[in-house]
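Commentary on secondary and tertiary structure
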Number of protein chains: 2
Amino acid sequence: MAAKSNGQVSKVLDGPINPMVTPLLTDLYQFTMAYAYWKAGKHNERAVFDLYFRKNPFGGETKSISSENRCLLRVRMDSLIILEELTVLMLKFMLCKRDQLFSRRFPLLRVEGPIAVVQLLETPFLNLINYASLVATNAARHRFVAGESKMLLEFGLRRAQGPDGGIGASRYCYMGGFHATSNVAAGKLFGIPLRGTHSHAFVSSFMSPDEIIDKSLHSSDKRSTCEDFVSLAQTWLNKIQWSNSLNDTYDVMRSGIPNFCAVALALNDLGYKAAGIRLDSGDLAYLSSEARKIFCIIEKEFGVPGFGKMVITASNDLNEETLDALNKQGHEVDAFGIGTYVVTCYAQAALGCVFKLVEINNQPRIKLSEDVTKVSIPCKKRSYRLYGKEGYPLVDIMTGENEPPPKVGERILCRHPFNESKRAPRWSNRRSATIKDIRERCISQLAKMRPEPHEETKLNPTPYKVSVSAKLYDFIHSYGSMRHPWGCSESL
Amino acid sequence: MAAKSNGQVSKVLDGPINPMVTPLLTDLYQFTMAYAYWKAGKHNERAVFDLYFRKNPFGGETKSISSENRCLLRVRMDSLIILEELTVLMLKFMLCKRDQLFSRRFPLLRVEGPIAVVQLLETPFLNLINYASLVATNAARHRFVAGESKMLLEFGLRRAQGPDGGIGASRYCYMGGFHATSNVAAGKLFGIPLRGTHSHAFVSSFMSPDEIIDKSLHSSDKRSTCEDFVSLAQTWLNKIQWSNSLNDTYDVMRSGIPNFCAVALALNDLGYKAAGIRLDSGDLAYLSSEARKIFCIIEKEFGVPGFGKMVITASNDLNEETLDALNKQGHEVDAFGIGTYVVTCYAQAALGCVFKLVEINNQPRIKLSEDVTKVSIPCKKRSYRLYGKEGYPLVDIMTGENEPPPKVGERILCRHPFNESKRAPRWSNRRSATIKDIRERCISQLAKMRPEPHEETKLNPTPYKVSVSAKLYDFIHSYGSMRHPWGCSESL
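Reading the values: the criteria
- Residues numbered from 1 in each chain as written.
- Chains lettered and ligands numbered in written order.
- Predicted model: local features only at pLDDT ≥ 70, side-chain atom pairs only at ≥ 80, totals over all residues.
- Heavy atoms only, no water.
- UniProt positions renumbered as here; feature names shortened; annotations may be inferred.
- Helix = DSSP H or I, 4+ residues; strand = E, 2+ residues; numbered from the N terminus.
- Contact = heavy atoms within 4.5 Å.
- Polar contact = N/O pair within 3.5 Å; in protein donor to acceptor, adjacent residues only side chain to side chain.
- Least-squares fit on C-alpha atoms with pLDDT ≥ 70 in both.
- Domains from an automatic or database assignment.
- Buried area = accessible area lost by both parts, 1.4 Å probe.
- Salt bridge = Lys/Arg side-chain N within 4 Å of Asp/Glu carboxyl O.
- Nonpolar A, V, L, I, M, F, W, Y, C, P; charged D, E, K, R; others polar.
- Buried < 20%, exposed > 50% of the residue type's maximum accessible area, 1.4 Å probe, protein only.
- Core = buried A, V, L, I, M, F, W, Y, C linked by side-chain atoms within 4.5 Å.
- Pairing = 2+ DSSP bridges.
- Expected span 1.5 Å × (residues − 1).
- Axes fitted to C-alpha atoms, helices over the stretch in contact; angles between N-to-C directions.
- Parallel < 35°, antiparallel > 145°, perpendicular 65-115°, else oblique.
- Left-handed = near helix turned anticlockwise from the far one by under 90°.

For chain A, the name recorded in an unreviewed UniProt entry is Nicotinate phosphoribosyltransferase, with Rubus argutus as its organism. You can read under Sequence similarities (unreviewed entry) in the UniProt record for chain A the words "Belongs to the NAPRTase family." Within the UniProt record for chain A, the comment given under Catalytic activity (unreviewed entry) is "5-phospho-alpha-D-ribose 1-diphosphate + nicotinate + ATP + H2O = nicotinate beta-D-ribonucleotide + ADP + phosphate + diphosphate".

Below, the structure written as structure tokens:
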């Protein structure tokens, strides 16, 4: 929020990227409560809220998040003054280290300020962070399964949850490690590389090559002109169809591949390089392998260097499971176009981040519940990630705000055995980064995690340990055992 | 599109409600293809595309759709002129009867115009219609399970897929039969009634009633003032706790309900009526029944007419299944707050509408595929819904554009046995309606369907028949047996 400690906002903030993000993008009950705080004379009481999730998404054990400062920061401060009686005093935002991998129960965001104001921010924060984090996580998981050498293209706009569901998804997929999107609006807004192919309608709009009126094509160096490029391609098609080496692949040869090869070879004659093919149905493992064989035979038979490395893109309702199945079967796909499953987060359509009061007027607050996962951790806290000697994170630990930080090489009591602390990321206010920086940090954070085969990750992920310091543990247990004085642990 | 038959757009259109809906909200390949159509001199060829879905969502047999004219119509015509060489000529939009229940394979929308322009519109149409239809359908299904007498409140903003995922969801839930939303932005934009309660944070921000500084409250008629309303409520709390009739309900009495009753009774003394309670965790069936008992005992014991009818709202990750389970257990809930599951369409996060070329220059086009569900139905078509004598729809039928419409009382050959045609909704251009009109039509359309118990609908829905006329059937079969002349049935 770029708020200085003296309570002045350090610069005028731009408006949100999405104009639908207005001060009214909140739940009615936030206004009801802000009004009630004011009626009770409590609206300026200093409150601390933590934003965190209780359960890892997609059954995973770690989670990538685009904490999306830009998005968050662009909630305009001045427009928060909704009720005449409310003035925005100091709001202190403690964003966790940006683009960090988060573990459950660890605050992604801590917001401190007058209770009425912070209360109003609950819904927009949750709305903006939940979806962003979920999609970035989902994208990172798809990238992990596809493998680092594969190109991942996000093709989800048409199946996304509305315009913003589409534009947001493109942005967060890129942050999570995708390489490009088909979404032109997202490309323009965020500078994400654009990629695309063509649809069936384009092919079927032509009845015959005779429909092409201007058949001429300049060579790539502009020095010569082929007057009838269509005939050139047809000549190549005949050569391919009469080739003995290609007879074995009769089935695939009946499909669009020979047409593509003929055009690619004709283009090659004029100094151009064809971009590649997309397989959008059928047995993608088999078809990609057959296509690769054909490309390699053509490279050899017609002496076209590099033709065997033609890019093969595959699409058709791909997701983590189908990518994994393709890997097991063996395939020759270079790039995957992924739509519905990545943008809608089909496997888990929502992340359940919550925003809980942990302190008011320096007094701790806890949410009690019979369901232990719903009990909140009170107090202002600090978070650390402890690394083992091998360089992999071993455990995350929360301490009280005023406890001394863990020291490298010094033992620290967690709920788990001692570990050596190598590096301890701390709360920090940072300035905004480019979308590329975010993407790279996300990828490098993931690379730091101890590698595990996908199968294990999916079925029986090694639990990543989250813990609290001995002091905080004692406090929670003594404080949590007291009931709220009004005897009400559930909201009415 | 309010386009006149002479090709003039009849009025200047407003911009889209969502400013993220721009001409760039489309896939890159649409521009690639529009450019290629132009290069081939084909960009002005007259094309007809159908927008439809192949498979009913949520495993259901009928589907409610908010065809969302306002949304569609607000794609600005003038901004479609992206490429200098493209001029927007006549676009003819044939929207199916608005807010109709659609069956699979029947076009929701038919778009006719220069192929390059219509191609560019594929992605925005799919993006805008897919999510709108899915959420409206999901909302209607929840309403069906909850029962007509129950109030349905949409509380999903915080878990929605971004700002537009939230605002859109509130709008389409209302259209699908919900009664209100917590989303203030949606309330302001679309006039949807707003509802809300309060959160746990509000309760836990108070340590004791002593924190309330101004304890006085005017009576509702302003004639008198209670100087210490807190004491009045505490007096009532004592009375409740000493009541013999309420002893049986000890467990529930330890929760927030006695506090609520005390305040409600104190408010009643001053001429106010308490709004009700919200149960947000625990066994909602049991707690609501116990709460109802307490309210009824209080009505009787303290002589407060109507207290027994106090509104009980329930929330906590509700969905179709949990609503159904509550109904089976028996409950006393009057209103349900539903969030995540309705706005993200958790049970099926995307609707797979497609947009297929069915005619170009008056020549039919078909998409062939080994998967028969992917084969498109060629030609310009008309759609009819045939009703039986009892007033329920029996079958939907598509005919060729120029076939005579089915007549009431006259037999017509479908893929199914003869039926009497009672009424035949036809393609029509209509003017836009208010969100309330849309909601009411959606509810009344659903009411016309033959009633089925939820269990059956869920597990083994009676198939709703979709068919084509004998003439169209013959045409498809003769035409479909021809392969595309280029021998390419899959897109590359």
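**Here's the deal with the environment of B:Thr181**
All names here are of chain B. Tracing the sequence through the fold places Thr181 in strand S7 (residues 180-181). Here the alpha-carbon distance between Thr181 and Gly156, two residues 25 residues apart in the chain, equals 8.4 Å. Discounting residues that sit within four places of it in the chain, Thr181 has contacts with Glu154, Ser170, Ile192, Pro193, Leu194 and Arg195. Side chain to side chain, Thr181 and Glu154 meet in a polar contact 2.6 Å long.

**Focus: the relation of the copies chain B and chain A**
Superposition of chain B onto chain A requires a rotation of 180° combined with a translation of 0.0 Å along the rotation axis, giving an RMSD of 0.0 Å. Such a combination of rotation and displacement between the chain copies is what one expects of a two-fold axis. Among all C-alpha atoms of chain B, that of B:Asp164 lies closest to the rotation axis, at 2.5 Å. Comparing interface residues between copies, 100% of those in chain B also sit at the interface in chain A, which points to an isologous, same-surface contact.

**Quick look at the domain arrangement of chain A**
Residue and element names in this part refer to chain A. Under the domain assignment used here, chain A contains domain 1 (28-140 + 349-480) and domain 2 (147-343). Facing the 20 residues of domain 1 at the interface are 21 residues of domain 2. Regarding the contact of domain 1 and domain 2, the summed buried area is about 1800 Å², with carbon and sulfur atoms giving 54% of it. Of all residues in domain 1, the largest losses of buried area upon contact with domain 2 belong to Tyr131, Ile435 and Arg439, amounting jointly to 35% of the total for that side. Remark: the boundary between domain 1 and domain 2 carries zero salt bridges. Scanning the region where domain 1 abuts domain 2 turns up five residue pairs in polar contact (both at pLDDT 80 or more). Those elements giving two or more residues to the side of domain 1 that touches domain 2 turn out to be helix H2 (69-73), helix H3 (115-146), helix H13 (435-448) and helix H14 (454-459). Top element by residues in the side of domain 1 that touches domain 2 is H3. It accounts for seven residues. A class-by-class count of the residues in the side of domain 1 that touches domain 2 yields eleven nonpolar, three polar and six charged.

**Things to note about the interface of chain B and chain A**
Taken residue by residue, the interface counts 98 residues in chain B and 98 residues in chain A. Here chain B and chain A share an interface that buries about 9200 Å² over both sides, 60% of which is from carbon and sulfur atoms. If you look at where chain B meets chain A, you find six salt bridges. B:Lys42 is paired through a salt bridge with A:Glu211; the nearest N and O atoms lie 2.7 Å apart.

**Overview of the environment of A:Ser243**
All names here are of chain A. Following the sequence through the fold, Ser243 ends up in the loop between helix H7 (229-242) and helix H8 (250-253). The buried category is assigned to Ser243, whose relative accessible area is 3%. Through-space distance from the C-alpha of Ser243 to that of Glu301 is 8.6 Å; in sequence the pair is 58 residues apart. There is a polar contact of 3.0 Å between the side chain of Ser243 and the side chain of Glu301.

**Side note on the nonpolar core**
Nonpolar side chains tend to gather and get buried jointly when the protein is soluble and globular. Counting residues in hydrophobic clusters, the biggest one holds 99 residues, and the most contacted among them are A:Leu51, A:Cys261, A:Phe295, A:Phe307 and A:Phe336. Beyond its immediate chain neighbours, meaning those up to four positions away, A:Phe307 contacts A:Cys261, A:Ala264, A:Leu265, A:Phe295, A:Ile298 and A:Glu299. Counting 98 residues, the second-largest nonpolar core is a separate cluster that includes A:Met20, B:Val111, B:Ile192 and B:Ile298.

**With respect to the pairing of strand S1 (residues 46-52) of chain A**
All names here are of chain A. Counting buried residues in S1 gives six out of seven residues, a clear majority hidden from the surface. Bridge count for S1 against strand S5 (residues 109-114) is six bridges, and the pairing is antiparallel. In the sheet register, Ala47 faces S5, and the bridge partner there is Gly113. Here six bridges tie S1 to strand S13 (residues 354-360), and the two strands are oriented antiparallel to one another. Each bridged residue has a counterpart across the sheet, and for Leu51 the counterpart in S13 is Phe355.

**Notes on the side chain of B:Ser205**
With respect to the element layout, B:Ser205 can be found in the loop between helix H6 (200-204) and strand S8 (217-218). You can call B:Ser205 buried: its relative accessible area is 2%. Non-local contacts of B:Ser205, meaning those with residues more than four positions away in its chain, are made with A:Tyr37, A:Lys42, A:Ile115, A:Leu357, A:Ile360, A:Arg365 and B:Glu211.

**What to know about unusual backbone geometry**
Residues and elements named next belong to chain A. Phi is positive for Cys345, close to 50°, though the residue is something other than glycine. Topologically, Cys345 is positioned in the loop between helix H12 (340-343) and S13. Of the residues examined, Cys345 reaches a relative accessible area of 0% and is grouped as buried.

**Some details on the pairing of strand S16 (residues 393-400) of chain A**
All names here are of chain A. Among the eight residues in S16, seven count as buried, and that is most of the element. Relative to S16, strand S15 (residues 381-387) runs antiparallel, the two being bridged by seven bridges. Residue pairing in the sheet places Tyr384 in a bridge with Ile397 of S16. Connecting the antiparallel pair S15 and S16 is a turn made up of five residues, with Gly391 showing a positive phi of about 100°.

**Comments concerning the sheet that holds strand S10 (residues 277-279) of chain B**
Residues and elements named next belong to chain B. With parallel pairing, five strands are arranged side by side in an open sheet as S7-S6-S12-S11-S10. Here the strands that pair on one side only, and so sit at the sheet edges, are S7 and S10. Relative to S7, strand S6 (residues 151-154) runs parallel, the two sharing two bridges. Each bridged residue has a counterpart across the sheet, and for Glu154 the counterpart in S7 is Thr181.

**Details of helix H1 (residues 28-39) of chain B**
The end-to-end C-alpha distance of H1(B), which contains twelve residues, comes to 17 Å, matching closely the 16 Å that a straight helix rising 1.5 Å per residue would cover. For H1(B), the full list of buried residues reads B:Tyr29, B:Gln30, B:Phe31, B:Met33, B:Ala34 and B:Tyr37. In this structure, the buried residues of H1(B) make contact with helix H5 (184-190), helix H6 (200-204) and strand S10 (277-279) of chain A together with helix H3 (115-146) of chain B.

**Some thoughts on the pattern of salt bridges**
All names here are of chain B. A complete count under the given rule lists 30 salt bridges over all chains for this structure. The partner of Asp50 in a salt bridge is Lys381, and the shortest N-O contact between them spans 2.6 Å. Here Asp50, found in strand S1 (residues 46-53), pairs with Lys381, found in strand S15 (residues 381-387); they are 331 residues apart in sequence, far enough to count as distant. For Asp50, a relative accessible area of 2% gives the class buried. Ionic pairing is found between Arg110 and Glu401, a salt bridge with its closest N-O pair at 3.0 Å. Pair noted here: Arg110 is in strand S5 (residues 109-114) and Glu401 is in the loop between strand S16 (393-400) and helix H13 (435-448), with a separation of 291 residues, a long-range link.

**A few points about the packing of H3(A) against helix H4 (residues 162-175) of chain A**
All names here are of chain A. Look at H3 against H4: their axes get within 8 Å of each other, and the N-to-C directions meet at 50°. As summarised for this structure, H3 and H4 are arranged oblique, according to the angle between their axes. Once H3 is placed against H4, the crossing between them reads as right-handed. When H3 is examined against H4, the residues Tyr131, Ala132, Val135, Ala136 and Ala139 are found in contact with a partner set consisting of Gly165, Gly168, Ala169, Tyr172 and Cys173. Grouping the constituent residues of the contact of H3 with H4 by class yields eight nonpolar, two polar and no charged.

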